[in-house]
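Breakdown of the fold
The residues making up each chain are set out below.
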Amino acid sequence: MGPNAGVPPDSAGMASSPNWFSRLALPLILLIAILLAVSFLNNYQNWGDDWAEYILQAKAILDHSIAECIQQSSFMVRESAAEPGPVAYPWGLPVLLAAEGSVGPFSLHTFKLFNILILVLLVVSIYRLARRFLGNPQALAVASMFAFNPGFLHYCNHVLSELPFILASVCAFLVIENRNADGSSSARSQLLTGALAFAAFTFRSNGILILAAATVREFLHLSREKVWTRPALRTLVLPYVSFFLLNVAWGLLFSGAGTGYFRVFQAFSTQTLITNVLNYPVSLFDFFTAGRHTGIIAAVLWPLVLWGAFKTWRRTAHLSTYGLMTLVLYFVWPEGQGYRFMMPITPFLVILMVLGLEEIVHWKTAGKFGAIAARSVQYGWPVLFLLASSLLVATGRVPQEIWNPYDQPSSEMFQWIKNNTPGDAVISFFKPRAMHLLADRLCLTAMPADLGKAAYLVYTKQRAWNEAEPTMEQYQQAALLTPAFENRNFVVYRVAARP
């Protein structure tokens, strides 16, 4: 079964005799994507300080201070009245950031430029995966949806795990589809599948679900009488062996990977489950809408996805399995992140959607009109997404965040903390990891209960990202506060116990 297995005959024929459009389309798509991504770049991060912890862990790798990093993070997490996050995130992204910082300056700009490179590789990988199930024009359309998608373009600004995780995942599925002429996979492909699943796992723990998808793919190939033979069992087991051995070696290199990551399950409730079940299947389609009227688009496109999955299940059941398992995992995950958690399954969603659309076009149309409709499906999506992304750039749909950790008042505050507080001073601030990164001070959350362990409180005058911060009256009841610094957005107080 070659790379064109399952591709409609007319599409496969079109792919076998490429014209000038087929040869130039992908490079042109990538060039436009790069230009758009550069136009989206900014010089800051937002106040959601996961990125700060990733950078702190990357610095620890370069400074050979992983144990100290874990110790400091553990103090900030476990001594805070409200946990700011896990003690340590999986080490995949910190390792990547450390490598990027070794090639260029260890800075946001370097990380963001590498994100553009990752996006380009992701678009190429999505195109190649789509070619396993679709003709060349349709695969180019799928690639265009990601190359021109405003959400993905804007994500090049985020020092987060999403883009590299999706790249590792798509590459794993590419290897899963690497088949011999008889439809079987080689031992080399099976080991590489496990390795790429592990690579995805180092960015996000749910990368382990790729192994289950690989198992489903093998069962699609194996006949019932061959399932329990030695070659079949080897085929099923080898990805797990590769994954396990790499995981053992990784654990020896990086301690504390994902420490405290699953403590969030303590907050699980029935209400969490109901909310997630209602929200995630809709927010998945934010890919198409940038958050506008997503419910309507979901109602229109879900039938296409389900129809594509149903009609092509013998070729795509592993894609559907991976998407379904990811949804179920986040149904029970207490910390809701909406579209951010759904991003990794959008490549498989779009492939199934286009397959469903093709099935309907072939079913509903015939003759000349059918050919016109098919061409519209093949070439219409890239044009639509190029126009949509251009419109969103022009109208500022992805706005610059005026208040951020790198703006002038924030930089001024962090610099004052560095210059005017003792090195061992503990700060109370609503984003502890950002404070630790940008002011080099241990920090607890900004709750009244934290003031008994802190020497300084940084009170924010802004409400965005900080709606839950207590009132000044609550702080004053908990401790004696003396103003030490103030600017447009912050007041720094010295903290003392009340007599």
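This structure is a prediction, so every number in the text was calculated from the model and none was measured.

**What to know about a nonpolar patch on the surface**
Taken together, the side chains of Val-237, Val-241, Phe-244, Leu-245, Val-248 and Leu-252 present a nonpolar region at the surface, about 590 Å² in accessible area. When you line up the elements, Phe-244 lands in helix 12 (residues 230-253).

**Regarding the pairing of strand 5 (residues 490-496)**
Most of strand 5 is tucked away: five of the seven residues are buried. As defined by bridge partners, strand 3 (residues 456-460) adjoins strand 5 across five bridges and the pair is classed as antiparallel. Of the residues in strand 5, the one forming a bridge with Tyr-459 is Val-491.

**Details of the sheet that holds strand 1 (residues 427-428)**
Strand order in this open sheet of five strands is 2-1-3-5-4, and the pairing throughout is mixed. With one partner strand each, in any of the chains shown, strand 2 (443-444) and strand 4 (480-486) form the two edges of the open sheet. Its contacts with the sheet place helix 20 (residues 408-420) against strand 1, strand 3, strand 4 and strand 5, and it is angled at close to 30 degrees to strand 5.

**Comments concerning the pairing of strand 4**
In this structure, strand 4 lies alongside strand 5, joined through six bridges in antiparallel fashion. Bridge pairing links Leu-480 to Ala-496 in strand 5. As consecutive antiparallel partners, strand 4 and strand 5 are separated by three residues.

**Some points on the confidence of the model for the protein**
With 83% of its residues at a pLDDT of 70 or more, the protein shows a mean pLDDT of 85. Per-element averaging of pLDDT across the protein places helix 1 (residues 9-16) at the bottom with 41 and strand 1 at the top with 98. Contacts of residues 1-18 to residues separated by more than four positions or lying in other chains number 32 contacts, the stretch itself having pLDDT below 50.

**Some points on empty space enclosed by the protein**
This model, assessed by the stated rule, comprises three cavities of 30 Å³ or more. If you trace the largest cavity, you find 13 residues lining it, with Gln-190, Thr-193, Ala-214, Glu-218 and Pro-239 closest to the centre. The set of elements that each furnish at least two residues to the lining of the largest cavity consists of helix 9 (162-176), helix 10 (187-203), helix 11 (209-221) and helix 12. The residue makeup of the lining of the largest cavity, split by class, is five nonpolar, six polar and two charged. Its volume calculated, the second largest cavity comes out at about 50 Å³. As for the second largest cavity, its lining consists of Leu-93, Leu-96, Leu-97, Glu-100, Phe-111, Asn-115, Ile-118, His-158, Val-159, Leu-160 and Pro-164. Listed by contribution, the elements that provide at least two residues to the lining of the second largest cavity are helix 5 (92-103) and helix 6 (108-131). Broken down by element, the residue count for the lining of the second largest cavity peaks at four residues, all from helix 5. Looking at the lining of the second largest cavity residue by residue, the classes come out as eight nonpolar, two polar and one charged.

**What about helix 21 (residues 432-439)?**
Counting buried positions along helix 21 gives eight out of eight residues, so the element sits mostly inside the fold. Those residues of helix 21 that sit buried are Pro-432, Arg-433, Ala-434, Met-435, His-436, Leu-437, Leu-438 and Ala-439. Among the structural elements, helix 3 (50-63), helix 4 (66-78), helix 20, strand 1, strand 2 and strand 3 are those in contact with the buried residues of helix 21. Where helix 21 terminates, the next one or two residues include Asp-440, which has phi positive at roughly 60 degrees.

**So, the packing of aromatic side chains**
The relation between two aromatic rings is expressed through the spacing of the ring centres and the mutual angle of the planes. Taken as a whole and judged by the stated rule, the model has 34 aromatic pairs. Among the aromatic side chains, those forming a connected cluster through ring pairs are Trp-47, Trp-403, Phe-414, Phe-429, Phe-430 and Phe-490. Stacked on the ring of Tyr-44, the Lys or Arg Lys-112 has its end atom at 5.8 Å from the ring centre. We note Arg-204 situated over the ring of Phe-165; from NZ or CZ to the ring centre the distance is 5.7 Å.

**Things to note about the pattern of salt bridges**
Across all of its chains, the model carries 10 salt bridges by this definition. Between Arg-433 and Asp-49 there is a salt bridge; the shortest N-O distance is 3.1 Å. One end of the pair, Arg-433, is in helix 21; the other, Asp-49, is in the loop between helix 2 (20-40) and helix 3, with 384 residues separating them in the sequence. Using a relative accessible area of 3% as the deciding quantity, one classes Arg-433 as buried. The residue Asp-50 makes a salt bridge to Arg-433 at a minimum N-O spacing of 2.8 Å. With a gap of 383 residues between them, Asp-50 in helix 3 and Arg-433 in helix 21 connect regions that are remote in the sequence.

Thresholds applied
- Residues numbered from 1 in each chain as written.
- Predicted model: local features only at pLDDT ≥ 70, side-chain atom pairs only at ≥ 80, totals over all residues.
- Heavy atoms only, no water.
- Patch = residues over 30% accessible without salt bridge, like charges linked within 9 Å, V, L, I, M, F, W, Y side chains within 5 Å.
- Areas by Shrake-Rupley, 256 points an atom, 1.4 Å probe, with all protein chains shown as cover.
- Salt bridge = Lys/Arg side-chain N within 4 Å of Asp/Glu carboxyl O.
- Helix = DSSP H or I, 4+ residues; strand = E, 2+ residues; numbered from the N terminus.
- Buried < 20%, exposed > 50% of the residue type's maximum accessible area, 1.4 Å probe, protein only.
- Pairing = 2+ DSSP bridges.
- Contact = heavy atoms within 4.5 Å.
- Axes fitted to C-alpha atoms, helices over the stretch in contact; angles between N-to-C directions.
- pLDDT = per-residue confidence, 0-100.
- 1 Å grid on protein atoms, 1.4 Å probe; cavity = no way out; pocket = protein on both sides within 12 Å on 5 of 7 lines; lining within 4 Å.
- Points joined across faces, edges and corners; volume = space filled by probe spheres on them.
- Nonpolar A, V, L, I, M, F, W, Y, C, P; charged D, E, K, R; others polar.
- Phe/Tyr/Trp six-rings, centres within 6.5 Å; stacked < 30°, edge-to-face > 60°.
- Lys NZ or Arg CZ within 6 Å of the ring centre and 35° of its normal.

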